[in-house]
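Chain by chain, the residues:
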Amino acid sequence: MASAAGYAGINSTGADGYLARGKAMYNQGNYAGAIDQLSHLKRMPVSSTVADCADFYIAMSNYERGNRESLDALRAYLAQHPSDVNAARVQAAIADYYFYNGKYGEAITEYDKVRTAALDGDASEDVYYRRAYSLLRLGEYEQALVNINALRGSRRYAAANTFYQAYVDYANKRYGEALTKFQRVKGNGELAYNAQYYVAQ
């Protein structure tokens, strides 16, 4: 249960309230609401630290909404705050923008700029996976394998790790090794289904 102080903060009509509500709305996926609250905050006299935090969540909310200007907003934030604690998240979001729009060459260029050590475990794994997938789509199999191998031990990407190692072997005509690895892909998801397709070849 939230503390009384927590409720007081989020209900405050001061800058702390707008910031708390904006962050809460962002975390709940209410990106339009987050932008509204944090834009109001930006019109108030606040410290540069608070203003920077608002800028970050506004930029990320625009990205999550898929707004056309989101990429420019992310780049502007990164240009203004290159050493910010959130810089790696913003850089990853820029790369994700290209990834989800199927622009894999541009995505790789942007993923290469991400300081994965500055991300939490899940976000770091996401970068390795998406960079590997982008490289595979461009036929850069050995470079892709480097990123696939970075996912060893990942529970979230266990099936993907095995499947794409097998796929690289298959693409390089190492059919025996590929078959062994494809047979290790378990589960009922798309990767397991695709693995069975290759096993049947």
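You'll find the structure just up there.
What you see is a predicted model; the values in this text were computed from it and never measured.

A. Geometry of the overall build of the protein. The helix and strand tally for the protein stands at 12 helices and 0 strands. Helices and strands in the protein line up, N terminus first, as α-α-α-α-α-α-α-α-α-α-α-α. Since a compact globule built from 201 residues should have a radius of gyration of about 17 Å, the 21 Å found for the protein marks it as more spread out than a globular shape. For the protein, the spread of C-alpha atoms along the three principal axes comes to 65 × 40 × 25 Å. For the protein, buried positions account for 44% of its 201 residues. Here the analysis covers contacts within the protein between residues at least 6 apart in sequence; of these, 41% occur between residues at least 24 apart. On the protein, roughly 11200 Å² of surface is accessible, and the fraction owed to carbon and sulfur atoms is 48%. Charge centroids of the protein, computed over 22 positive and 21 negative side chains, lie 3 Å from each other.

B. Structural view of the side chain of Lys-181. In this fold, Lys-181 is placed in helix α11 (residues 175-182). You can call Lys-181 buried: its relative accessible area is 18%. When residues no more than four places from it in sequence are discounted, the contact partners of Lys-181 are Thr-162, Gln-165, Ala-166 and Asp-169.

C. Expanded view of the environment of Gly-17. Note on placement: Gly-17 falls in helix α2 (residues 15-27). Separated by 24 residues in the primary sequence, Gly-17 and Leu-41 have C-alpha atoms spaced 8.9 Å apart.

D. Molecular detail of helix α4 (residues 48-65). With 18 residues, α4 should reach 26 Å at 1.5 Å per residue; the first-to-last C-alpha distance of 26 Å fits that figure. When we look at burial in α4, the residues that qualify are Ala-51, Cys-53, Ala-54, Phe-56, Tyr-57, Ile-58, Ala-59, Met-60, Ser-61, Asn-62 and Tyr-63. The elements touched by buried residues of α4 are α2, α3 (31-42), α5 (70-80) and α6 (87-100). Backbone geometry just downstream of α4 places Gly-66 in the positive-phi region, at approximately 75°.

E. Quick look at unusual backbone geometry. The phi dihedral of Lys-173 falls on the positive side, at around 65°, and the residue is not glycine. Locating Lys-173 in the fold gives a position in the loop between α10 (158-171) and α11.

F. Quick peek at the packing of aromatic side chains. Following the criterion strictly, the structure yields 24 aromatic pairs and no others. Measuring from ring centre to ring centre gives 5.1 Å for Phe-99 and Tyr-100, while their planes differ by 85°; the resulting arrangement is edge-to-face. A residue is classified by how much of its surface remains accessible, and Tyr-100, at 53% relative accessible area, is exposed. Taken together, a centroid distance of 4.7 Å and an interplanar angle of 15° make the contact between Tyr-129 and Tyr-157 stacked. Of this pair, Tyr-129 sits in helix α8 (residues 121-137) while Tyr-157 sits in the loop between α9 (141-149) and α10, and the two are 28 residues apart along the sequence.

Rules and cut-offs
- Residues numbered from 1 in each chain as written.
- Predicted model: local features only at pLDDT ≥ 70, side-chain atom pairs only at ≥ 80, totals over all residues.
- Heavy atoms only, no water.
- Helix = DSSP H or I, 4+ residues; strand = E, 2+ residues; numbered from the N terminus.
- Rg over C-alpha atoms; globule rule 2.2 N^0.38 Å.
- Buried < 20%, exposed > 50% of the residue type's maximum accessible area, 1.4 Å probe, protein only.
- Contact = heavy atoms within 4.5 Å.
- Areas by Shrake-Rupley, 256 points an atom, 1.4 Å probe, with all protein chains shown as cover.
- Lys, Arg positive; Asp, Glu negative; His and termini not counted.
- Charge placed at Lys NZ, Arg CZ, Asp CG, Glu CD.
- Expected span 1.5 Å × (residues − 1).
- Phe/Tyr/Trp six-rings, centres within 6.5 Å; stacked < 30°, edge-to-face > 60°.

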